[in-house]
Amino acid sequence: MANRSHLYAANTLPTEDGRPDPVVGVSEHNWSIPLAHLLLVSFDTRVVPSMIWGRRTGVAGDYDRGAALLLELLRVVGEDVAEAQDFESVVATTKAQLDKQRAKYFLLEAGEILDVDDEPAETAIDRLVGQHIPSLAAQAEAAIAGENAEWLAVARGRWRENFYSFYNDTLFYSFESE
């Protein structure tokens with residue numbers, strides 16, 4: 001099995017008693033949690049129960065604000081990116097999927113990625129939500145404002161790693177048919 005991060009959208013949050021209905025697929029990414037997924041959950045970020053693993057390793061964030069931040073960062077990255085045509089195709093796919101799956105919340109399932117490290121997943125998710133995601137969002141906002149050229153250059157240079165994910169309604173773990 002490939003370790004993936006999974007990104008979903010829903011109008012309510014998962015609880016200990018169950019998951020939202022419906023939950024729609026947005027994106028998945030192999031072997032890491034890409035910058036795009038982290039930025040998408042970067043507003044009103046909170047730890048929630050996982051819809052897949054039955055433990056507290058899910059992350060929720062405001063859909064509209066997260067989507068706006070990512071799309072604005074993509075605009076800035078695209079101003080001077082290598083392989084511009086490929087990048088523009090990725091941006092178009094991303095925008096189309098975000099528009100199609102619009103909901104109140106993004107729900108990030110990161111358990112498969114967190115399990116790769118020796119740190120307990122619940123500790124890692126607290127660090128991710130409390131430190132890493134807010135730091136990345138602040139850096140992205142500064143880059144958009146023209147105040148973080150070095151970080152922007154790194155994001156731009158690693159655009160495939162940061163922004164190129166599998167955007168589709170049906171992900172490895174899908175809830176539509178259950």
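What counts, and where the lines are drawn
- Residues numbered from 1 in each chain as written.
- Predicted model: local features only at pLDDT ≥ 70, side-chain atom pairs only at ≥ 80, totals over all residues.
- Heavy atoms only, no water.
- Phe/Tyr/Trp six-rings, centres within 6.5 Å; stacked < 30°, edge-to-face > 60°.
- Helix = DSSP H or I, 4+ residues; strand = E, 2+ residues; numbered from the N terminus.
- Buried < 20%, exposed > 50% of the residue type's maximum accessible area, 1.4 Å probe, protein only.
- pLDDT = per-residue confidence, 0-100.
- Pairing = 2+ DSSP bridges.
- Expected span 1.5 Å × (residues − 1).
- Polar contact = N/O pair within 3.5 Å; in protein donor to acceptor, adjacent residues only side chain to side chain.
- Salt bridge = Lys/Arg side-chain N within 4 Å of Asp/Glu carboxyl O.

**Quick look at the packing of aromatic side chains**
Right, on to step 1. Using the criterion set out here, one finds two aromatic pairs in the structure.
Right, on to step 2. Relative to phenylalanine 106, the ring of tyrosine 63 has its centre 3.8 Å away and its plane inclined at 15 degrees; by these criteria the two rings are stacked. One end of the pair, tyrosine 63, is in helix H2 (residues 63-77); the other, phenylalanine 106, is in strand S5 (residues 105-109), with 43 residues separating them in the sequence. Taken individually, tyrosine 63 and phenylalanine 106 each receive the classification buried, so the pair is uniform in this respect.

**Remarks on the side chain of threonine 94**
Right, on to step 1. Residue placement: threonine 94 occurs in helix H3 (residues 84-100).
Right, on to step 2. The exposure class of threonine 94 is buried, given its relative accessible area of 1%.

**Concerning the confidence of the model for the protein chain**
Right, on to step 1. Chain-level pLDDT for the protein chain is 89 on average; 94% of the residues reach the 70-or-more range.
Right, on to step 2. No element of the protein chain has a lower mean pLDDT than helix H4 (residues 111-114), which averages 72, and none a higher one than H2, which averages 97.

**A short note on the sheet that holds strand S1 (residues 4-10)**
Right, on to step 1. Strand order in the open sheet formed by six strands is S3-S4-S5-S1-S2-S6, and the pairing between neighbours is antiparallel. Looking at which strands have only one partner, the edges of the open sheet turn out to be strand S3 (46-48) and strand S6 (166-167).
Right, on to step 2. Examined bridge by bridge, strand S4 (residues 58-62) and S5 share five bridges and lie antiparallel to one another. If you follow aspartate 62 over to S5, its bridge partner there is tyrosine 105.

**What about H2?**
Right, on to step 1. Between its first and last C-alpha atoms H2 spans 21 Å; for 15 residues at 1.5 Å apiece the expected length is 21 Å, and the two agree.
Right, on to step 2. Listing the buried residues of H2 in full gives Tyr63, Gly66, Ala67, Leu69, Leu70, Leu73, Leu74, Val76 and Val77.
Right, on to step 3. Where H2 starts, the residue carrying a side-chain oxygen 3.3 Å from the main-chain nitrogen of aspartate 64 turns out to be aspartate 62.

**Description of the pairing of S1**
Right, on to step 1. Taken across its seven residues, S1 has seven buried, putting it largely inside the fold.
Right, on to step 2. Side chains Arg4, His6, Tyr8 and Ala10 project from S1 onto one buried face, and the interleaved Ser5, Leu7 and Ala9 project onto a second face that is buried too.
Right, on to step 3. Taken together, the six bridges between S1 and strand S2 (residues 24-30) define a ladder with antiparallel strand orientation. Paired with alanine 9 across the two strands is valine 24, which belongs to S2.
Right, on to step 4. Note: S1 against S5, five bridges, orientation antiparallel. Residue pairing in the sheet places histidine 6 in a bridge with glutamate 109 of S5.

**A look at the pattern of salt bridges**
Right, on to step 1. On inspection of all chains with the given rule, the structure shows eight salt bridges.
Right, on to step 2. Its salt-bridge partner being glutamate 72, residue arginine 75 comes within 2.5 Å of it at the nearest N-O pair. Of this pair, arginine 75 and glutamate 72 both sit in helix H2, three residues apart, roughly one helical turn.
Right, on to step 3. Note on arginine 75: relative accessible area 42%, which makes it partly exposed.
Right, on to step 4. Looking at glutamate 72, the relative accessible area reads 30%, which means it is partly exposed.
Right, on to step 5. Put simply, glutamate 79 and arginine 75 hold a salt bridge, and the shortest N to O gap is 2.8 Å.
Right, on to step 6. In the salt-bridge network here, residues are joined through shared partners; they are Asp64, Asp99 and Arg102.

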